[in-house]
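# Structural overview for review
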Amino acid sequence: MIYCLEDDADIRELELYTLTSMNFDAKGFENAKSFFDALKDEIPDLIVLDVMLPDLSGVDVLKRIRQSSKTASVPIIMATARGAEYEKIKALDLGADDYLTKPFSMMELVARIKAILRRSKNDSDISLDVTFENIVINEQKHTVFAGDKKLDLSLKEFELLLLLIKHPGRVYSRDDLLNIIWGIDYDGENRTVDVHVRALRAKLGEYERVIQTVRGIGYKADV
(Lines give C-alpha, C1' and ligand atoms only; values in the text may rest on other atoms or scores of the structure.)
Protein backbone atom coordinates (compact mmCIF):
# COMPACT_ATOMS: atom_id res chain seq x y z
CA MET A 1 0.00 0.00 0.00
CA ILE A 2 1.24 3.48 -0.92
CA TYR A 3 -0.09 6.63 0.72
CA CYS A 4 -0.06 9.89 -1.22
CA LEU A 5 -0.46 13.01 0.91
CA GLU A 6 -1.05 15.82 -1.58
CA ASP A 7 -3.43 18.78 -1.23
CA ASP A 8 -3.64 19.49 -4.98
CA ALA A 9 -6.56 17.33 -6.14
CA ASP A 10 -5.37 17.12 -9.76
CA ILE A 11 -1.87 15.96 -8.80
CA ARG A 12 -3.22 13.57 -6.18
CA GLU A 13 -5.62 11.95 -8.61
CA LEU A 14 -2.88 11.65 -11.23
CA GLU A 15 -0.58 9.97 -8.71
CA LEU A 16 -3.30 7.52 -7.69
CA TYR A 17 -4.30 6.79 -11.28
CA THR A 18 -0.69 6.13 -12.27
CA LEU A 19 0.05 3.93 -9.27
CA THR A 20 -3.09 1.83 -9.60
CA SER A 21 -2.48 1.43 -13.33
CA MET A 22 0.96 0.07 -12.41
CA ASN A 23 -0.69 -2.49 -10.08
CA PHE A 24 0.07 -0.69 -6.82
CA ASP A 25 -2.51 -0.31 -4.07
CA ALA A 26 -2.69 3.40 -3.27
CA LYS A 27 -4.71 5.83 -1.18
CA GLY A 28 -4.74 9.61 -1.38
CA PHE A 29 -5.16 12.23 1.33
CA GLU A 30 -5.67 15.96 1.02
CA ASN A 31 -4.61 16.94 4.52
CA ALA A 32 -2.50 15.70 7.43
CA LYS A 33 -5.48 14.91 9.67
CA SER A 34 -7.03 12.37 7.31
CA PHE A 35 -3.57 10.93 6.65
CA PHE A 36 -2.78 10.34 10.34
CA ASP A 37 -6.27 8.94 10.91
CA ALA A 38 -5.55 6.35 8.21
CA LEU A 39 -2.19 5.47 9.78
CA LYS A 40 -4.05 4.27 12.87
CA ASP A 41 -5.62 1.50 10.80
CA GLU A 42 -2.90 0.64 8.29
CA ILE A 43 0.83 1.29 7.94
CA PRO A 44 1.75 1.73 4.26
CA ASP A 45 4.79 0.34 2.50
CA LEU A 46 5.77 3.81 1.28
CA ILE A 47 4.59 7.42 1.56
CA VAL A 48 4.67 10.15 -1.09
CA LEU A 49 4.57 13.37 0.90
CA ASP A 50 3.99 16.93 -0.29
CA VAL A 51 5.62 19.76 1.66
CA MET A 52 2.93 22.43 1.32
CA LEU A 53 -0.23 21.23 3.07
CA PRO A 54 -3.25 23.17 4.37
CA ASP A 55 -3.22 22.07 8.00
CA LEU A 56 0.35 20.95 8.75
CA SER A 57 3.59 21.31 6.83
CA GLY A 58 5.01 18.23 5.17
CA VAL A 59 8.19 18.71 7.19
CA ASP A 60 6.19 18.46 10.42
CA VAL A 61 4.40 15.39 9.07
CA LEU A 62 7.80 13.86 8.29
CA LYS A 63 9.00 14.55 11.84
CA ARG A 64 5.94 12.88 13.37
CA ILE A 65 6.33 9.84 11.14
CA ARG A 66 9.97 9.40 12.11
CA GLN A 67 9.25 9.90 15.82
CA SER A 68 6.77 7.01 15.95
CA SER A 69 8.18 3.51 16.37
CA LYS A 70 5.36 2.16 14.20
CA THR A 71 6.21 4.31 11.17
CA ALA A 72 9.85 5.29 11.69
CA SER A 73 11.17 2.93 9.02
CA VAL A 74 8.49 3.56 6.37
CA PRO A 75 10.20 4.92 3.24
CA ILE A 76 9.20 8.49 2.34
CA ILE A 77 9.52 10.38 -0.92
CA MET A 78 9.13 14.15 -0.56
CA ALA A 79 7.33 15.76 -3.50
CA THR A 80 7.19 19.53 -3.61
CA ALA A 81 7.44 22.59 -5.81
CA ARG A 82 10.31 23.85 -3.72
CA GLY A 83 13.60 23.14 -5.45
CA ALA A 84 16.06 25.01 -3.25
CA GLU A 85 18.99 22.98 -2.01
CA TYR A 86 18.18 24.04 1.56
CA GLU A 87 14.75 22.39 1.37
CA LYS A 88 16.21 19.19 -0.02
CA ILE A 89 18.92 18.99 2.63
CA LYS A 90 16.40 19.73 5.37
CA ALA A 91 14.07 16.95 4.22
CA LEU A 92 16.91 14.44 3.90
CA ASP A 93 18.30 15.47 7.27
CA LEU A 94 14.94 14.75 8.88
CA GLY A 95 14.77 11.26 7.40
CA ALA A 96 13.26 11.48 3.92
CA ASP A 97 14.50 8.69 1.65
CA ASP A 98 14.17 10.54 -1.63
CA TYR A 99 13.14 13.93 -3.00
CA LEU A 100 11.29 14.93 -6.16
CA THR A 101 10.86 18.52 -7.27
CA LYS A 102 7.69 19.47 -9.12
CA PRO A 103 7.00 19.25 -11.95
CA PHE A 104 8.11 15.64 -12.26
CA SER A 105 6.86 12.86 -14.51
CA MET A 106 4.68 10.15 -13.07
CA MET A 107 6.98 7.53 -14.57
CA GLU A 108 9.89 9.02 -12.64
CA LEU A 109 7.83 8.78 -9.47
CA VAL A 110 7.02 5.13 -10.19
CA ALA A 111 10.69 4.39 -10.91
CA ARG A 112 11.75 5.95 -7.60
CA ILE A 113 9.06 4.03 -5.72
CA LYS A 114 10.07 0.72 -7.28
CA ALA A 115 13.74 1.32 -6.48
CA ILE A 116 13.02 2.12 -2.84
CA LEU A 117 10.66 -0.81 -2.35
CA ARG A 118 13.16 -3.14 -3.98
CA ARG A 119 15.87 -2.05 -1.57
CA SER A 120 13.62 -2.24 1.49
CA LYS A 121 12.16 -5.65 0.70
CA ASN A 122 13.13 -8.29 3.24
CA ASP A 123 15.19 -11.16 1.94
CA SER A 124 14.61 -14.41 3.83
CA ASP A 125 17.98 -15.73 2.68
CA ILE A 126 19.88 -12.94 4.42
CA SER A 127 21.61 -13.74 7.69
CA LEU A 128 19.46 -12.39 10.51
CA ASP A 129 21.94 -10.49 12.65
CA VAL A 130 24.98 -8.37 11.92
CA THR A 131 26.84 -7.35 15.06
CA PHE A 132 29.59 -4.79 15.58
CA GLU A 133 30.63 -3.09 18.83
CA ASN A 134 27.29 -3.63 20.64
CA ILE A 135 25.37 -2.57 17.53
CA VAL A 136 23.06 -5.35 16.34
CA ILE A 137 21.29 -5.15 12.99
CA ASN A 138 18.59 -7.61 12.00
CA GLU A 139 18.33 -7.38 8.24
CA GLN A 140 15.11 -9.36 7.97
CA LYS A 141 13.20 -7.42 10.61
CA HIS A 142 14.90 -4.16 9.67
CA THR A 143 15.76 -3.37 13.29
CA VAL A 144 18.86 -1.81 14.86
CA PHE A 145 19.91 -1.89 18.50
CA ALA A 146 22.75 0.17 19.92
CA GLY A 147 23.36 -1.45 23.28
CA ASP A 148 19.89 -1.85 24.80
CA LYS A 149 18.38 1.02 22.79
CA LYS A 150 16.32 0.35 19.69
CA LEU A 151 17.03 2.94 16.99
CA ASP A 152 14.47 4.39 14.60
CA LEU A 153 16.35 4.76 11.33
CA SER A 154 15.21 5.84 7.90
CA LEU A 155 15.76 3.41 5.05
CA LYS A 156 18.88 5.22 3.84
CA GLU A 157 20.33 5.46 7.35
CA PHE A 158 19.72 1.74 7.83
CA GLU A 159 21.37 0.84 4.52
CA LEU A 160 24.31 3.14 5.19
CA LEU A 161 24.98 1.72 8.66
CA LEU A 162 24.56 -1.86 7.43
CA LEU A 163 27.02 -1.37 4.57
CA LEU A 164 29.72 0.16 6.78
CA ILE A 165 29.33 -2.38 9.58
CA LYS A 166 29.39 -5.36 7.23
CA HIS A 167 32.75 -4.15 5.91
CA PRO A 168 34.61 -2.84 8.99
CA GLY A 169 37.77 -0.92 8.22
CA ARG A 170 36.94 -0.48 4.55
CA VAL A 171 36.90 3.16 3.47
CA TYR A 172 34.04 4.29 1.23
CA SER A 173 34.24 7.58 -0.61
CA ARG A 174 31.16 9.78 -0.77
CA ASP A 175 30.75 8.89 -4.43
CA ASP A 176 30.98 5.19 -3.55
CA LEU A 177 28.20 5.59 -1.00
CA LEU A 178 26.02 7.61 -3.39
CA ASN A 179 26.35 4.91 -6.03
CA ILE A 180 25.76 1.99 -3.66
CA ILE A 181 23.03 3.40 -1.41
CA TRP A 182 21.27 5.88 -3.68
CA GLY A 183 21.90 4.14 -7.01
CA ILE A 184 24.34 4.83 -9.81
CA ASP A 185 21.94 7.24 -11.50
CA TYR A 186 21.23 9.24 -8.35
CA ASP A 187 21.24 12.93 -9.22
CA GLY A 188 22.07 14.24 -5.76
CA GLU A 189 25.17 15.82 -4.27
CA ASN A 190 27.92 14.57 -1.98
CA ARG A 191 26.47 16.57 0.89
CA THR A 192 23.60 14.10 0.95
CA VAL A 193 25.97 11.49 2.38
CA ASP A 194 27.28 13.88 5.04
CA VAL A 195 23.72 14.78 6.06
CA HIS A 196 22.80 11.12 6.56
CA VAL A 197 26.02 10.34 8.42
CA ARG A 198 25.38 13.26 10.77
CA ALA A 199 21.81 12.09 11.44
CA LEU A 200 22.96 8.50 11.92
CA ARG A 201 25.65 9.50 14.40
CA ALA A 202 23.13 11.49 16.40
CA LYS A 203 20.88 8.45 16.67
CA LEU A 204 23.77 6.14 17.59
CA GLY A 205 24.53 8.31 20.62
CA GLU A 206 27.49 6.91 22.55
CA TYR A 207 28.24 4.57 19.64
CA GLU A 208 28.64 7.38 17.11
CA ARG A 209 32.40 6.80 17.22
CA VAL A 210 31.85 3.62 15.20
CA ILE A 211 31.36 5.71 12.05
CA GLN A 212 34.70 7.37 11.45
CA THR A 213 35.52 10.13 8.99
CA VAL A 214 38.49 9.55 6.72
CA ARG A 215 39.57 13.08 5.94
CA GLY A 216 39.43 13.96 2.27
CA ILE A 217 37.94 10.60 1.30
CA GLY A 218 34.78 9.47 3.07
CA TYR A 219 33.76 7.14 5.89
CA LYS A 220 34.42 3.75 7.47
CA ALA A 221 33.23 1.67 10.40
CA ASP A 222 35.98 1.07 12.91
CA VAL A 223 36.84 1.19 16.62
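Keep in mind that what you see is a predicted model, and the values were worked out from it rather than measured.

## Digging into the UniProt feature "modified residue: 4-aspartylphosphate" (unreviewed entry) in the protein
Here the UniProt feature "modified residue: 4-aspartylphosphate" (unreviewed entry) sits at D50. Here D50 lies in strand β3 (residues 46-50). What makes D50 buried here is its relative accessible area of 3%. Ignoring sequence-local partners within four residues, the contact set of D50 consists of L5, E6, D7, G58, A79, T80 and K102.

## Quick word on the packing of aromatic side chains
Applying the stated criterion to the full structure yields four aromatic pairs. Considering the side-chain rings of Y3 and F29, the 4.9 Å spacing of their centres and the 70° angle between planes classify their relative orientation as edge-to-face. Taken together, the residues span a long stretch of sequence, with Y3 in strand β1 (residues 2-5) and F29 in strand β2 (residues 26-29) at a distance of 26 residues. A single burial state applies to Y3 and to F29, both of which are buried. Measuring from centroid to centroid gives 5.9 Å for F29 and F35, while their planes differ by 80°, and the two rings are edge-to-face. Classification of F35 as buried rests on a relative accessible area of 0%. Grouping aromatic residues by their ring pairs yields a cluster made of Y3, F29, F35 and F36. We note R64 situated over the ring of F36; from NZ or CZ to the ring centre the distance is 3.8 Å.

## Quick look at the nonpolar core
Counting 29 residues, the largest nonpolar core has I135, I137, V144, L161, L204 and I211 as the members making the most contacts within it. Where this core is concerned, the elements lending two or more residues are β6 (129-132), β7 (135-138), β8 (143-146), α6 (155-166), α7 (174-182), α8 (191-204) and β12 (218-221). Counting residues per element, this core draws most heavily on α6, which supplies seven residues. The residues touching V144, leaving out its near neighbours within four places in the chain, are I135, V136, I137, K149, K150, L151, L153, F158 and L161. Within the second largest apolar cluster, 21 residues are counted, among which are L5, A38, L49 and I76.

## Examining the sheet that holds strand β11 (residues 211-214)
Overall, antiparallel pairing links the three strands, which are arranged β10-β12-β11 in an open sheet. Two strands bound the open sheet, and with one partner strand each, they are β10 (172-173) and β11. Relative to β12, β10 runs antiparallel, the two sharing two bridges. Across the sheet, residue Y172 finds its bridge partner in β12, namely Y219. In the packing of α6 onto the sheet, contacts are made with β10, β11 and β12, and the angle to β12 comes to roughly 65°.

Calculation notes
Residue positions are given per chain, counting from 1 as you read along its sequence in written order. Totals for whole chains, interfaces and linings use every residue, but because this is a predicted model, local features are given only for residues with pLDDT of at least 70 and side-chain atom pairs only at 80 or more, for both listing and counting. Side-chain calculation: all heavy atoms of the structure are included, whereas hydrogens and water are not. UniProt positions are given in the numbering used here, feature names are shortened, and annotations may be inferred rather than shown by experiment. Helix numbering and strand numbering both begin at the N terminus, where a helix is a DSSP run of H or I of at least 4 residues and a strand a DSSP run of E of at least 2. For the exposure calls, accessible area comes from a 1.4 Å probe over protein chains only, and a residue counts as buried if that area is under 20% of its type's maximum, exposed if over 50%, partly exposed in between. Residue contacts are defined here by distance: any two heavy atoms, one from each residue, within 4.5 Å place the two residues in contact. Between rings of Phe, Tyr and Trp, where Trp is taken as its six-membered ring, a pair exists when centres lie within 6.5 Å; planes separated by under 30 degrees are stacked, by over 60 edge-to-face, and by other angles tilted. Counting as a charge over the ring demands two things of the Lys NZ or Arg CZ atom: a distance within 6 Å of the ring centre and an angle within 35 degrees of the ring normal. Put simply, a nonpolar core is a bunch of buried Ala, Val, Leu, Ile, Met, Phe, Trp, Tyr and Cys residues held in one set by side-chain atoms that sit within 4.5 Å of each other. By this definition, two strands are paired if DSSP reports at least two bridges between them. Axes here mean lines fitted to C-alpha atoms, for a helix over just the part in contact, with angles spanning 0 to 180 degrees between N-to-C directions.

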